[in-house]
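# Reading the structure
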Amino acid sequence: MALTKIIVNCETGVSEEIELTAEEIAQLEADKAQGELDAAAAQAEADRIEALKVSARAKLVAGEALTAEEASLLIG
Amino acid sequence: MPALVALANTTLSSNSTTITFSSIPGTYQDLYLVVVGRSSMGFFQNIRFNGDSGSNYNIVRFTANGATLASGVAAAQTRGLISDSSFNSSITGAAFIHILDYARTDKHKTTIGDVHADNGYNNELLCNRWSSTAAITSVALSSDSSQTYLAGTTFALYGVRGS
Amino acid sequence: MITDLIASTTVGAGGTSSIEFTSIPGTYTDLVILLSARTTAASDVPRLRANTYISEFNKSNVFFSNGATVSSFSDTSNTYVQIGTIPGTSWSANSFCNVLIQLPNYAGTTYAKTYKTRTTSKDSGANQEARLTGTGFTSFTAAITSVQITSANTFAQYTTAYLYGTLKGSGGATVTVV
């Protein structure tokens, strides 16, 4: 099935569904690849933050020194 | 019938210290305020009701600045906040503030607001409680430390219908 | 918060990869888009662009939580805004997300454009996300005349998008500038 886009013209009120051009499909593929990278980066960052928090809590309990970033995560 | 009714607006033609919406009719359920623009310095952007500058404002804020999350609470302040740091001379901020049940006289007044800046670093959620049961008839916006909102900044006040 | 419904659309049985509102009149003060979306893929993160793929990188601060973690980050290397995770085949059936997009002062030309998206998704299982994104540009000051919401996969049938305009005006209150 061909890939399409819906265009709603706000001036005329006309809505139409048309096939994507080759350029638009290429952009879509590029978006898809970038989106996977974006999602991985976001998850990696979330995981990194969570790991720092776990480390910071453990250090606090053990009476060990926290890094500046660990301290900021705990108390802002 | 539209749910949102325009009450007043202004676009600053020059830098200004205070913008006041007054003579607000008490016939709506809520008020909705949109501020888009810049301030001379990145200080707090204040909100006061009915000219009250007493210690009657309580604030909760949640901010995301880049990768840093922070939250804060302040009681008995002399003003509420619509922004912590999303407006300055080189950052355009956009604040959307909902003032609930503003005309009722059986409760303290609360606001819910979210603000962001165009620099990719500021996202804020702010709530205020004004410890007064008086109906709100005026809303004043100003920058902390007598700084100014810059020319081109827009302010729009809407009434939200309840029925 | 809305005053006028400008346009709307509902995705049909074949799905679609993009929803675009074009020829947006410049007579309103702010634009608001409400999107209820689902994808035919496992999940997806749609992208928001204005005025057809402008080349300037935007600057976004993304604040999100997926139930297990909460974090924020800055995204300054893309020409689009990531709206948030929308449900798909790996989510419960019939789960759609809620997206609120606000474009204040969209027709003004004094300051560079800024907009906000707020997305919440939750199914009856363990999938969820809440995301708040504030976005701005350095030099894109032109009026917004079109908005594109694109999926890297396909928006599923029954996805809906509504474009509203709010209009500032005068009507009962007074404003004083000092």
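Up top you'll find the structure we're talking about.
The paragraphs below set out a description of the structure included in this document. (Residues numbered from 1 in each chain as written. Chains lettered and ligands numbered in written order. Predicted model: local features only at pLDDT ≥ 70, side-chain atom pairs only at ≥ 80, totals over all residues. Heavy atoms only, no water.)

## Overview of the environment of I24 of chain C
Residue and element names in this part refer to chain C. Going by this rule: Put simply, DSSP marks the helices as runs of H or I at least four residues long and the strands as runs of E at least two long, and each gets a number from the N terminus on. Each residue's exposure class comes from its accessible area (1.4 Å probe, protein chains only) as a fraction of the maximum for that residue type: buried when under 20%, exposed when over 50%, partly exposed otherwise.
Position of I24 relative to the elements: it lies in the loop between strand 2 (16-22) and strand 3 (30-37). Look at I24 and you get buried, because its relative accessible area is 6%. Between the C-alpha atoms of I24 and G165, which are 141 residues apart in sequence, the distance is 9.6 Å.

## What to know about the pairing of strand 11 (residues 114-122) of chain C
Residues and elements named next belong to chain C. Our working definition: Here, any two strands with at least 2 DSSP bridges between them count as paired.
By the bridge criterion, five bridges tie strand 10 (residues 97-103) to strand 11 in an arrangement that is antiparallel. Following the sheet pairing, N98 is matched in strand 11 by T120. Taken together, the nine bridges between strand 11 and strand 12 (residues 128-136) define a ladder with antiparallel strand orientation. Directly across from K116, in strand 12, lies its bridge partner G134. Hairpin connection from strand 11 to strand 12: five residues lie between these consecutive antiparallel strands.

## Brief notes about the pattern of salt bridges
We apply this condition: Throughout this description, the term salt bridge denotes a Lys or Arg side-chain nitrogen within 4 Å of a carboxyl oxygen of Asp or Glu.
This structure, assessed with the given rule, holds 10 salt bridges over all chains. R61 of chain B is paired through a salt bridge with D84 of chain B; the nearest N and O atoms lie 2.2 Å apart. Of the two residues, R61 of chain B sits in strand 5 (residues 57-65) while D84 of chain B sits in the loop between strand 7 (80-83) and strand 8 (93-100), which places them 23 residues apart along the sequence. Residue R61 of chain B is classed as partly exposed on the basis of its relative accessible area, which comes to 25%. Notably, a salt bridge pairs K107 of chain B with D101 of chain B, separated by 2.6 Å at the nearest N-O pair. The exposure class of K107 of chain B is partly exposed, given its relative accessible area of 31%. If you follow the salt bridges from partner to partner, you end up with K5 and E24 of chain A together with E20 of chain C in one network.

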